[in-house]
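Residue-level listing of the chains:
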Amino acid sequence: MKFGELGGKEIVNLSDGCRLGMLAESDLLIDEKTGKIKALLVPDMKSHFSIFSEKDFLEIPWECVKKIGSDMIIIELDRDQYGNSGLYL
């Protein structure tokens, strides 16, 4: 799969069924030495009403990506396991 084909896919959490956003609106955290993807940085959906505030991002470790399908990316992120602190930048 080419990188450009990922942009229109929606990110869905398998653990709770939440839609986290579109990959096109997200950033990738890449290891400079290896060139491998370390994490997805997804904008926090609850902050979209606040125009003048800084955006918070949910950092999803690449290991949590379980499946990349034709329409969506399935992740498994247990918020109890990771906790809300540390996931937001």
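Details of the structure are given in the entry above.
A quick note: this is a predicted structure, and the numbers were derived from the prediction, not measured.

Parameters and conventions
- Residues numbered from 1 in each chain as written.
- Predicted model: local features only at pLDDT ≥ 70, side-chain atom pairs only at ≥ 80, totals over all residues.
- Heavy atoms only, no water.
- Core = buried A, V, L, I, M, F, W, Y, C linked by side-chain atoms within 4.5 Å.
- Buried < 20%, exposed > 50% of the residue type's maximum accessible area, 1.4 Å probe, protein only.
- Helix = DSSP H or I, 4+ residues; strand = E, 2+ residues; numbered from the N terminus.
- Contact = heavy atoms within 4.5 Å.
- Pairing = 2+ DSSP bridges.
- Axes fitted to C-alpha atoms, helices over the stretch in contact; angles between N-to-C directions.

(A) Examining the nonpolar core more closely. One finds Ile11, Leu20, Leu40, Ile60 and Ile75 to be the most contacted residues of the largest nonpolar core, which totals 13 residues. When contributions to this core are tallied by element, the ones reaching two or more residues are β4 (37-43), β5 (57-61) and β7 (72-75). Ignoring sequence-local partners within four residues, the contact set of Ile60 consists of Ile11, Leu20, Lys38, Ala39, Leu40, Val42, Ile75 and Leu77.

(B) Looking closely at the pairing of β7. Every second residue of β7 is oriented toward a common face, the buried set being Ile73 and Ile75 and the non-buried set Met72 and Ile74. Inspection of the sheet shows strand β1 (residues 10-13) paired to β7 by 4 bridges, in the parallel sense. Residue pairing across strands places Asn13 opposite Ile75, the latter belonging to β7.

(C) Quick look at the sheet that holds strand β2 (residues 19-22). The strand order across the open sheet built from 4 strands is β2-β1-β7-β6, with neighbouring strands paired in mixed fashion. Strands with a single pairing partner mark the edges of an open sheet, and in this sheet they are β2 and β6 (65-68). Taking the axes of each pair of neighbouring strands and ignoring which way they run, one obtains an average angle of 20 degrees across the sheet. Where β1 meets β2, 3 bridges bridge the pair, whose relative direction is antiparallel. Each bridged residue has a counterpart across the sheet, and for Glu10 the counterpart in β2 is Met22.

(D) Spotlight on the sheet that holds strand β3 (residues 27-30). Taken together, the 3 strands give an open sheet; going across it, the order is β3-β4-β5, and neighbouring strands pair in antiparallel fashion. Either end of the sheet is taken by a strand with one partner, and the two such strands are β3 and β5. Between one strand axis and the next, the sheet turns by 25 degrees as a mean value, whatever way the strands run. Note that β4 and β5 share 5 bridges and pair antiparallel. Bridge pairing links Ala39 to Pro61 in β5.

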